[in-house]
Amino acid sequence: MTPRLNLPQRPRRNRKHPAIRGFAQETWLAPQHLIHPLFLHEGSGDIPIASMPGCARLDLDGLLREAEGGLAEGVGAVVLFPATPEHLKTELAEEAYNPEGLVQRAIRALKSRLPELVIVTDVALDPYSSAGHDGLVAPDGRILNDETVAILCQQAVSQADAGADIIAPSDMMDGRVAAIRAALDDAGHTEVSVLSYTAKYASAFYGPFRDALDSAPKAGDKKTYQMDPANGREALRELELDALEGADMVMVKPAGPYLDVIRRVREATTLPVAAYQVSGEYAMLKAACERGWLDERKVALESLLAIRRAGADMILTYYARQAARWLAEGGLP
Ligand code: PBG
């Protein structure tokens, strides 16, 4: 005699058939949601990044190839991160706004070859600073806010002059969104967007990225400008300010360990929300999958879907192209 529970609700009925699961599906992932971060360098050839398998420091040809390949796969946007040669790094990070700098040249090359590509650029001084900080460093080690913002404005305008579509300040200085917006407008770039790294945490998950660019701070850490991983409410304060200052889109970073923050930001704003699945999140998945401990396709797509479910409209991820290819093959089985 089979026992039968007298249940008014049986949630499993909505999971009994793939088509019915399709009706009930709340979130999905498509290539249009993905932005591909790419590393570039001055040298020739592509140099693989050990802690980020599948990623490399690209030369200009490599960059064009990756961007073009991504476009063909449905990934319409890239974000550029330059590895600056040591001799060009200075205390005042002047290379950040050199019109002939690596990023500026790369933007022009990408735009002329692939006019439909959306180019996002990073605004922060760390790739150009001899101290490896996102801002200028005073002799006593303090990170100078307002002096830094003035340079960030020059950096943003030089990127927009070169053809960037979206300027993404990742430096976490106070007031930089308003200042960059005003500087862009004054330079005639009223159509260039600002995607603010609104809640960027002082996270150890950026380790592989800093290896990739040799951009780790020479002294100290980033805790006086990046947010304390213990804090969620503070993200809403940053959000309020960025919205008032004119951000077009806001970002939470990292993504996976901060899904609660993505959700809170999503619920507190009508602006599009981005999340950055950072280098350490990618490296963890890669390492486990290389050992055969996880199924890469399934866990990578699941991790991205979870970030979407938390509330992200768009995701910056090193998996962008690979995910687009998996999705084209049918996505999550
Ligand atoms: C620097 C910057 C960092 C990342 C993006 N922009 C590193 C940092 O703040 O130290 C990290 C991205 C990643 O880990 O994938 N302004």
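See above for the structure.
In this text the structure is predicted, and so the values were computed from the model without any measurement.

Each value, and the rule that gives it
Residues numbered from 1 in each chain as written. Predicted model: local features only at pLDDT ≥ 70, side-chain atom pairs only at ≥ 80, totals over all residues. Heavy atoms only, no water. Helix = DSSP H or I, 4+ residues; strand = E, 2+ residues; numbered from the N terminus. Rg over C-alpha atoms; globule rule 2.2 N^0.38 Å. Buried < 20%, exposed > 50% of the residue type's maximum accessible area, 1.4 Å probe, protein only. Contact = heavy atoms within 4.5 Å. Areas by Shrake-Rupley, 256 points an atom, 1.4 Å probe, with all protein chains shown as cover. Arc of directions from axis to C-beta. Core = buried A, V, L, I, M, F, W, Y, C linked by side-chain atoms within 4.5 Å. Salt bridge = Lys/Arg side-chain N within 4 Å of Asp/Glu carboxyl O. Near = heavy atom within 4 Å. Polar contact = N/O pair within 3.5 Å; in protein donor to acceptor, adjacent residues only side chain to side chain. Nonpolar A, V, L, I, M, F, W, Y, C, P; charged D, E, K, R; others polar. Axes fitted to C-alpha atoms, helices over the stretch in contact; angles between N-to-C directions. Parallel < 35°, antiparallel > 145°, perpendicular 65-115°, else oblique. Left-handed = near helix turned anticlockwise from the far one by under 90°. Phe/Tyr/Trp six-rings, centres within 6.5 Å; stacked < 30°, edge-to-face > 60°.

**Q** Describe the overall build of the chain, with residues and values.
**A** Across its full length, the chain holds 11 helices and 12 strands. On C-alpha atoms alone, the chain measures out to a radius of gyration of 21 Å, which is about the 20 Å that the 2.2 N^0.38 rule sets for 333 residues. In the chain, which comprises 333 residues, the proportion classed as buried is 54%. Look at the contacts in the chain between residues 6 or more apart in sequence, and 74% of them connect residues 24 or more apart. A total of about 15600 Å² of accessible surface is found on the chain, and carbon and sulfur atoms cover 53% of it.

**Q** Outline helix H5 (residues 176–186), supporting the account with residue identities and numerical values.
**A** Those residues of H5 that fall on the buried side of the exposure criterion are Arg176, Val177, Ile180, Arg181, Ala183 and Leu184. One side of H5 holds all its buried residues, which, seen down the axis, span an arc of 165°. Check the buried side of H5 and you find it contacts strand E5 (118–123), helix H4 (145–162), strand E8 (166–169), strand E9 (193–200) and helix H7 (233–245). Where H5 ends, the next residue or the one after it, Gly188, has phi of about 90°, a positive value.

**Q** Account for the nonpolar core, naming residues and giving values.
**A** In terms of nonpolar packing, the biggest core is built from 105 residues, with Phe39, Leu80, Leu110, Ile167, Ile180, Leu184 and Tyr276 touching the most fellow members. Ranked by residues supplied to this core, first place goes to H4 with 8 residues. Sequence-distant contacts of Leu110, that is, excluding residues within four places in its chain, are made with Leu63, Leu64, Ala67, Val78, Leu80, Pro115, Leu117 and Ile119.

**Q** Which residues make up the pattern of salt bridges, and what are the values?
**A** In this structure the tally under the stated criterion is 23 salt bridges. Note that Glu86 is salt-bridged to Lys89, the shortest N-O span being 3.6 Å. With relative accessibility at 48%, the residue Glu86 sits in the partly exposed group. Residue Lys89 is classed as buried on the basis of its relative accessible area of 8%. Here Lys298 ties to Asp295 by a salt bridge, and the two come within 3.9 Å at their closest N and O atoms. You can call Lys298 partly exposed: its relative accessible area is 39%. Taking relative accessible area as the criterion, Asp295 reaches 40% and is therefore assigned partly exposed. Each of Glu66, Glu73, Arg321 and Arg325 takes part in one network of salt bridges that share partners.

**Q** Help me get a handle on the site of the ligand, residues and values and all.
**A** Near the ligand there are 18 residues, and of these Lys200, Arg210, Lys253, Ser279 and Tyr318 occur at the shortest range. Arg210 places a side-chain nitrogen or oxygen 2.6 Å from an oxygen atom of the ligand. Separating an oxygen atom of the ligand from a side-chain N or O atom of Gln226 is a distance of 2.9 Å. When the ligand is considered free in solution it has 410 Å² of accessible area, and contact with the protein chains removes 100% of it. Split into classes, the residues belonging to the shell around the ligand amount to 8 nonpolar, 3 polar and 7 charged.

**Q** Break down the packing of helix H9 (residues 279–290) against helix H10 (residues 296–310) for me, citing the residues and quoting the values.
**A** Where H9 meets H10, the closest approach of the two axes is 10 Å, and the angle between their N-to-C directions is 160°. By the angle between their directions, the pair H9 and H10 is classed as roughly antiparallel. For the element pair H9 and H10, the recorded crossing hand is right-handed. Here Leu285, Lys286 and Cys289 of H9 lie close against H10, whose contacting residues are Glu296, Val299, Ala300 and Ser303. Tallied by class, residues from the contact of H9 with H10 come to 4 nonpolar, 1 polar and 2 charged.

**Q** A description of the packing of aromatic side chains should follow, citing residues and the corresponding values.
**A** Applying the stated criterion across every chain yields a total of 11 aromatic pairs. Aromatic side chains Phe81 and Tyr276 sit 6.5 Å apart centroid to centroid with 35° between the ring planes, which places their arrangement in the tilted category. Of the two residues, Phe81 sits in strand E4 (residues 77–83) while Tyr276 sits in strand E11 (residues 273–277), which places them 195 residues apart along the sequence. Each member of the pair, Phe81 as well as Tyr276, is classed as buried. The interplanar angle of 45° and the centroid separation of 6.4 Å between the aromatic rings of Tyr197 and Tyr276 together place this pair among those described as tilted. Here Tyr276 lies in strand E11 and Tyr197 lies in strand E9, a separation of 79 residues in the sequence.

Purely geometric stuff here, so don't read any function into it on its own.
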